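Secondary and tertiary structure notes
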Amino acid sequence: MLLSSCKKGLMVGLKTAWTLGKVIFPITLLVSILQYTPVLPWIIDLISPIMGVFGLSGEAAIPLVLGNVLNLYAAIGAILSIELTVKEVFIIAVMLSFSHNLFVETGVALKVGVKLWVVLLVRLGLAVLGGILINWLWQGGSEIARYGLVPAETSTPDTWSAIILAGLEKAALGIIQLAIIVIPLMIVMQILKDLKWLDLFSKKMAPITRALGMRENTSMTLVAGLTIGLAYGAGIMIQAVKEDGVSKKDATLAFIFLVACHAVVEDTLIFVPLGIPVLPLFIIRLTTAIVLTIAVAAVWKRIDWNKRKEPSYGHTN
């Protein structure tokens, strides 16, 4: 039985890595190339004037753009190269916690079946609202941020061939990293599923998932996204939608929760060397995830209830 579970898990992992890789590879390659063209500087110049709304200097547009089109590590590299206050770094951290790696993770969410407008509204909406509220509510953090041991990127490709090669390397590395995480994860998941341990785990998690407005079979999706992030957790999401009967509604609610709170340990701890208060960052993400998901689930339930009532009324011409 164990060998059979491993084989099935391996095939599922390979298929999932291929499905996600078709999204991640081209987007990573394209964005990696664009960062060495006038496109990203043009975008940065375009949004710099509105940085004041978030209490940020014009230069803060650089890590915000890089964090959204690339990832948090690119944003941190940009932060290291400019002088910002602790408050500015904290605001950037909160905003990027909601909307980093926007292209790749949006593409992955679409693969799961989440609608594009939901993805963009939730991710960008939370980022904008979070930045404005923190700027308005927090009066401290005016001292210049002192950075720890995070190294800045020093080498920059200076020819088109070097730029394309660097993009291909980065995209290939992303796929390899994806496979290294997803394939073993799918094998373990298949073993746990065949041993009926996932059923037990789902029952233990049932009170939490129900409180968030989802069925208990969504529990593994939540745990995967919380621990390993949206992009990698999407592998379990896709499989759950196919095999475990997770509805599109529950998948969407899970995505909304994970937008605010995915990879919560890693994405929080990487900001530690930047000298910002990370505990408030964690609390903000978790609280936002819980409140927003419960609110959306309640509204969704109300809409469904009203739709079920409609047939009982007579039709007028």
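A few points on the structure. (Residues numbered from 1 in each chain as written. Predicted model: local features only at pLDDT ≥ 70, side-chain atom pairs only at ≥ 80, totals over all residues. Heavy atoms only, no water.)

**Details of the nonpolar core**
So the rule is basically this: The criterion is simple. A nonpolar core is a set of buried Ala, Val, Leu, Ile, Met, Phe, Trp, Tyr and Cys residues joined through side-chain atoms within 4.5 Å. Only protein chains enter the accessibility calculation, which uses a 1.4 Å probe; a residue whose area is less than 20% of its type maximum is buried, one above 50% is exposed, and one in between is partly exposed. The contact definition used throughout considers only heavy atoms, calling two residues in contact when any of these lie within 4.5 Å.
Core analysis: the biggest nonpolar cluster contains 65 residues, and Leu-56, Ile-92 and Phe-271 have the highest contact counts within it. In this view, Ile-92 contacts Leu-56, Ala-60, Pro-63, Leu-64, Ile-79 and Leu-84; residues no more than four positions away in its chain are not counted. Within the second largest apolar cluster, eleven residues are counted, among which are Ile-24, Leu-178, Val-182 and Ile-236.

**Observations regarding a positive patch on the surface**
Our working definition: Patches were defined on residues exceeding 30% relative accessible area and lacking a salt bridge, with like-charge contacts within 9 Å and nonpolar side-chain contacts (Val, Leu, Ile, Met, Phe, Trp, Tyr) within 5 Å. Using the Shrake-Rupley algorithm and a 1.4 Å probe, accessible areas are obtained, with residue cover drawn only from the displayed protein chains. Just to be clear on terms, a salt bridge is a Lys or Arg side-chain nitrogen sitting within 4 Å of an Asp or Glu carboxyl oxygen. His is not counted here, nor are the chain ends, while Lys and Arg score as positive and Asp and Glu score as negative. Working definition for charges: the position is that of NZ of Lys, CZ of Arg, CG of Asp or CD of Glu. Put simply, DSSP marks the helices as runs of H or I at least four residues long and the strands as runs of E at least two long, and each gets a number from the N terminus on.
On the surface, a cluster of positive charge is made up of Lys-15, Lys-22, Lys-111 and Lys-242. By the secondary structure assignment, Lys-22 is in helix 1 (residues 2-34).

**Some details on the environment of Ile-33**
On the secondary structure map, Ile-33 appears in helix 1. Taking C-alpha positions, Ile-33 is 6.3 Å from Ile-164, a pair spaced 131 residues apart along the chain. Other than its neighbours up to four places away in sequence, Ile-33 contacts Trp-160, Ile-163 and Ile-164.

**Comments concerning a nonpolar patch on the surface**
Together, Leu-279, Phe-282, Ile-283, Leu-286, Ile-290, Val-291 and Ile-294 give the surface a local cluster of nonpolar side chains, amounting to about 560 Å² of exposed area. Note on placement: Phe-282 falls in helix 14 (residues 278-309).

**Comments concerning helix 8 (residues 160-194)**
Note the threshold: Multiplying 1.5 Å by the helix residue count minus one yields the expected span of that helix.
Here helix 8 spans 50 Å end to end across 35 residues, near enough to the 51 Å set by a 1.5 Å rise per residue. Turning to helix 8, its buried residues number three or more, namely Ile-163, Gly-167, Ala-171, Gly-174, Leu-178, Val-182, Ile-183, Met-186, Ile-187, Met-189, Gln-190 and Ile-191. Looking at the residues trailing helix 8, positive phi occurs at Lys-196, about 70 degrees.

**Overview of the packing of helix 3 (residues 61-69) against helix 5 (residues 86-99)**
Definition in use: For every element, the axis is a line fit to its C-alpha atoms; helices are fit only across the contacting stretch, and the angle between N-to-C directions ranges from 0 to 180 degrees. Any angle from 65 to 115 degrees is called roughly perpendicular, while one under 35 is roughly parallel, one over 145 is roughly antiparallel, and all others are oblique. Put simply, a crossing is left-handed when the front helix is turned counterclockwise from the back one by less than a right angle, and right-handed when it is turned clockwise. Residues were grouped as follows: Ala, Val, Leu, Ile, Met, Phe, Trp, Tyr, Cys and Pro as nonpolar; Asp, Glu, Lys and Arg as charged; and all remaining residues, including Gly, as polar.
Where helix 3 contacts helix 5, the axes come no closer than 9 Å and their chain directions differ by 20 degrees. Between helix 3 and helix 5, the crossing angle belongs to the class labelled roughly parallel. In this structure, helix 3 meets helix 5 at a crossing whose hand is right-handed. Of helix 5, the residues touching helix 3 (which contributes Pro-63, Leu-64, Gly-67 and Asn-68) are Ile-92, Met-95, Leu-96 and Ser-99. Looking at the contact of helix 3 with helix 5 residue by residue, the class counts come to five nonpolar, three polar and no charged.

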